[in-house]
Amino acid sequence: MITTQLLRPESIVVVGASNNVHKPGGAILKNLINGGYRGELRAVNPKETEVQGIPSFADAKDIPDTDLAILAIPAALCPDVVEALASGKQTKAFIILSAGFGEETHEGALLEERILATVNTYGASLIGPNCIGLMNTWHHSVFSQPIPQLSLQGVDLISSSGATAVFILESAVTKGLQFNSVWSVGNAKQIGVEDVLEYMDNTFDPEKDSRIKLLYIESIGDPDRLLFHASSLIKKGCKIAAIKAGSSESGSRAASSHTGAIASSDSAVEALFRKAGIVRCFSREELTTVGCVFTLPELRGKNFAIITHAGGPGVMLTDALSKGGLNVPRLEGPLADELKSRLYPGAAVGNPIDILATGTPEHLRLCIDYCEEKFENIDAMMAIFGTPGLVTMFEMYDVLHEKMQTCRKPIFPILPSINTAGAEVAAFLAKGHVNFADEVTLGTALSRIVNAPQPATNEIELFGVDVPRIRRIIDSIPEDGYIAPHYVQALLHSAGIPLVDEFVSGNKEEVVAFARRCGFPVVAKVVGPVHKSDVGGVVLNIKGEQHLALEFDRMMQIPEAHAIMVQPMLKGTELFIGAKYEEKFGHVVLCGLGGIFVEVLKDVSSGLAPLSYEEAYSMIHSLRAYKIIQGTRGQKGVNEDKFAEIIVRLSTLLRFATEIKEMDINPLLATEKEVIAVDARIRIEKER
């Protein structure tokens, strides 16, 4: 519950206020005073009648009615103070800075429960406990530094961790990134990241509210709610970037299949962010860099001009952009020659445009004008300008300021000399700009933004999928675990996923007869063991009946073997699709190259079922091996449309067969015409 009294309190009391500004109760009062809070400020400190010039009361029961209470007292004292204020002083919002609650002990968790019951009873908001507080343009209720530049057009930051929020602010302030609000939810006993996003979504005003949200998340308690409100905000014109910490693969996860070996909670997070349209970041520097990019005019293409007076950074930036799928096109022809003639001898204009260390502000202006007005294959500009300390950069940065105000194409300022040219950079930031001190970090951030998909539609693709038959098959399966091959075939057929013709039997004569009918060469696989290849249970390119009979006899001796599967020997590029059910998230669908490359390279992308065709194509395109799928070095590509279709159909199957907990189709054999499933495994668990 987020109340008006939390966001715009007319009165605030700091319980545990102190004259010592190095204590939380002293620091937060100082920040409120210095932040220009205009409402009534009160303090509670039994030893003082005045704290930092603010009237102080001996007991919380003695204060007048107060909208917001900030508690900086021992955890054991908090429940009684919350009860006294909520019941007797009309307090509708609480920020509890104190630690020593559920994050530490069982007794602390019981204290939290008492506080939660009280605030819910009286319809009050609760931030924390164990947090640094809440800061917006109305009040600076945090005990930490730095306090960033705050404006209604700034960024909203929501952080699970108070310390991390401080470090994010440290990173952002040096870049000139401004903020509208900073939320540190701490233990999130009542209000967590999802709650704040929901409030921002439900109350969003396109004329007044910030359109940029940065998230640091340690635990996703309600993935569906996060997905719904994040994608809703993005559809309303917002931009969201997030770090999800603690997403590495769990060592305790059972790796009973290829999918089980590579699926992790990180796969689920990746899939959720992809579906919502959230730009995923992996460090504070990335997050704040992405936030700065969000403040600039939106990119309308992928072609960049790099303008600099230092060759090395231009080369590194070119590499970073190219690695992220962005372009630094060559500039040549009469216009490029014309520009070169107007620069100092030795300048280069091929892109990067290097005006040399002796280049002037007018040269920078000239290059920007050419990129803005004459070079039609340029969508945005990057200006890298620092100094070794021999000259000042005020005039150069004034040109940047002027052009960033007037140019239609975005300009990204990369000013690396934050110490040597500190005064010049500070003056530039004071005009409302941001700065990207490191060109490679900027290039990486841009690639994440450009390659992030748009929020997915909520429609389920049903065409070609026989849902009633899927349910009949699932209901008829007698027991949990990996299901028999004929059930696998039936389920994939019901989903419209093409399968290679195959025959399963424990009778050698029947297996040989099938191979004779379908024609040699064939593939033989043992039925029973999960990892067939590891036990010698897969034989390729069997060209005759005698060879097949010998392999049948051998494989039937493998422990747990109870039958042999035989299939025609097909050729094509091996692809992989898998899925794993993740608690709270649902089914995570994975795709990539097939065969042994799934586990060796782990080049897979993930999506959250059900998937649209747009999501399936986005997953395929994000693979590092996508060039192999397209076709490279004379090799024909695979039928990408068929691959996407199978991904979508599989996700629909999973939507209506939630009993499937793990499955993979590996390999799918793909040519330029067809994509056919060759081997598949499905594990189910039914609620009994």
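From a predicted model like this one, the values you see are computed outputs, not experimental measurements.

What counts as what
Residues numbered from 1 in each chain as written. Predicted model: local features only at pLDDT ≥ 70, side-chain atom pairs only at ≥ 80, totals over all residues. Heavy atoms only, no water. Helix = DSSP H or I, 4+ residues; strand = E, 2+ residues; numbered from the N terminus. Buried < 20%, exposed > 50% of the residue type's maximum accessible area, 1.4 Å probe, protein only. Contact = heavy atoms within 4.5 Å. Lys, Arg positive; Asp, Glu negative; His and termini not counted. Charge placed at Lys NZ, Arg CZ, Asp CG, Glu CD. Patch = residues over 30% accessible without salt bridge, like charges linked within 9 Å, V, L, I, M, F, W, Y side chains within 5 Å. Areas by Shrake-Rupley, 256 points an atom, 1.4 Å probe, with all protein chains shown as cover. Salt bridge = Lys/Arg side-chain N within 4 Å of Asp/Glu carboxyl O. Pairing = 2+ DSSP bridges. UniProt positions renumbered as here; feature names shortened; annotations may be inferred. Domains from an automatic or database assignment. pLDDT = per-residue confidence, 0-100. Core = buried A, V, L, I, M, F, W, Y, C linked by side-chain atoms within 4.5 Å. Axes fitted to C-alpha atoms, helices over the stretch in contact; angles between N-to-C directions. Disulfide = S-S within 2.5 Å. Phe/Tyr/Trp six-rings, centres within 6.5 Å; stacked < 30°, edge-to-face > 60°. Lys NZ or Arg CZ within 6 Å of the ring centre and 35° of its normal.

### A few points about the overall build of the protein
Along its length, the protein carries 24 helices and 29 strands. The burial tally for the protein puts 56% of its 688 residues in the buried class. Taking all contacts inside the protein whose residues are at least 6 apart in sequence as the whole, residues at least 24 apart take part in 70%. Of the side chains in the protein, 65 bear a positive and 83 a negative charge, and the two mean positions are spaced by 3 Å.

### Structural notes on a nonpolar patch on the surface
A surface patch of nonpolar side chains, about 420 Å² in accessible area, is lined by Ile596, Phe597, Val600 and Leu601. Checked against the element boundaries, Val600 lands in helix α21 (residues 597-601).

### Section: the pairing of strand β27 (residues 660-670)
Summarising burial for β27: eleven of the eleven residues are buried, a large majority. Where strand β24 (residues 573-582) lies against β27, seven bridges are found, and the strand directions are antiparallel. For Ala579, the partnering residue across the bridge sits in β27 and is Met663. The sheet contact formed by β27 and strand β29 (residues 680-684) spans five bridges and is antiparallel.

### As for the UniProt feature "domain: ATP-grasp" (unreviewed entry) in the protein
Following the UniProt record, one finds the feature "domain: ATP-grasp" (unreviewed entry) at residues 489-525. For residues 489-525, helix accounts for 46% and strand for 19%, while the C-alpha atoms at its two ends are 15 Å apart.

### Looking at the domain arrangement of the protein
Once the domains are mapped, the protein shows domain 1 (1-129), domain 2 (146-295), domain 3 (303-451), domain 4 (458-500 + 570-687) and domain 5 (501-569). A straight line from the C-alpha centre of domain 1 to that of domain 4 covers 53 Å.

### Some words on the pattern of salt bridges
The full count for this structure, using the stated rule, is 31 salt bridges. The salt bridge involving Glu662 is made with Arg683; its shortest N-O contact spans 3.1 Å. Taken together, the positions of Glu662 in strand β27 and Arg683 in strand β29 put the pair 21 residues apart, joining distant regions of the chain. By relative accessible area, Arg683 is classed as buried at 16%. What you see here is one network of salt bridges that share partners, running through Asp195, Glu198, Asp222 and Arg225.

### Points about the confidence of the model for the protein
Residues of the protein with pLDDT of at least 70 account for 97%, and the chain-wide mean is 93. The low-confidence segment residues 250-258, where pLDDT is below 50, has 29 contacts with residues more than four positions distant or belonging to other chains.

### Quick look at the nonpolar core
The biggest cluster of nonpolar side chains holds 80 residues, and the ones touching the most others in it are Tyr397, Phe412 and Leu446. With six residues, helix α13 (residues 361-373) is the largest single contributor of residues to this core. Taken domain by domain, the makeup of this core includes at least three residues from each of domain 2 (146-295) and domain 3 (303-451). Setting aside anything within four residues of it in sequence, one finds Leu446 in contact with Val293, Leu299, Phe304, Leu321, Leu326, Met382 and Phe412. If you look at the next biggest cluster of nonpolar residues, it comprises 55 residues, including Leu29, Leu197, Ala230 and Cys238.

### Considerations on the sheet that holds strand β23 (residues 563-568)
Taking strand neighbours across the sheet as the criterion, the four strands line up as β20-β23-β21-β22 in an open arrangement whose pairing is antiparallel. The open sheet has two edge strands, β20 (503-505) and β22 (538-542), and neither has a second partner. Pairwise comparison of adjacent strand axes, ignoring direction, gives a mean angle of 20 degrees for this sheet.

### Notes on the state of the cysteines
The term disulfide refers to a covalent linkage connecting the sulfur atoms of a pair of cysteines. Going through the model one piece at a time under the given rule, you end up with zero disulfides. Counting only cysteine sulfurs, Cys281 is the nearest neighbor of Cys238, a cysteine outside any disulfide, at a range of 16 Å. You can call Cys238 buried: its relative accessible area is 3%. Here Cys281 stays free of any disulfide, with the sulfur of Cys292 as its closest cysteine sulfur at 11 Å.

### Some points on the packing of aromatic side chains
In total, this model carries five aromatic pairs according to the counting rule given. Relative to Phe412, the ring of Phe304 has its centre 6.3 Å away and its plane inclined at 55 degrees; by these criteria the two rings are tilted. Placement of Phe304 in strand β15 (residues 304-308) and of Phe412 in strand β18 (residues 411-414) is noted, with a sequence separation of 108 residues between them. Grouped by ring-pair contacts, the aromatic residues Phe304, Phe412 and Phe436 constitute a single cluster. Note that Lys374 overlies the ring of Tyr370, its terminal NZ or CZ placed 4.3 Å from the centroid. The ring of Tyr581 has Lys661 sitting right over it, with the charged end atom 4.1 Å from the ring centre.

### Thoughts on the sheet that holds strand β13 (residues 239-244)
A sheet is described by the order of its strands in space; here seven strands give the open sequence β9-β8-β11-β10-β12-β13-β14, paired in mixed fashion. Strands at the two margins of the open sheet, each flanked by one partner only, are β9 (140-142) and β14 (279-281). On average, each strand axis in the sheet is tilted by 20 degrees relative to the strand beside it, whichever way the strands run. When strand β8 (residues 133-136) meets β9, the two strands line up antiparallel, connected through three bridges. Counted as the bridge partner of Gly133 is Val142 from β9. Most of the contacts of helix α9 (residues 265-276) go to β14, to which it runs at about 145 degrees, and overall it touches β12 (212-217), β13 and β14.

### Overview of the environment of Glu338
Tracing the backbone shows Glu338 in helix α12 (residues 334-341). With eleven residues separating them along the chain, Glu338 and Val349 place their C-alpha atoms 9.9 Å apart. With residues near it in sequence (within four places) discarded, Glu338 still touches Tyr370 and Lys374.

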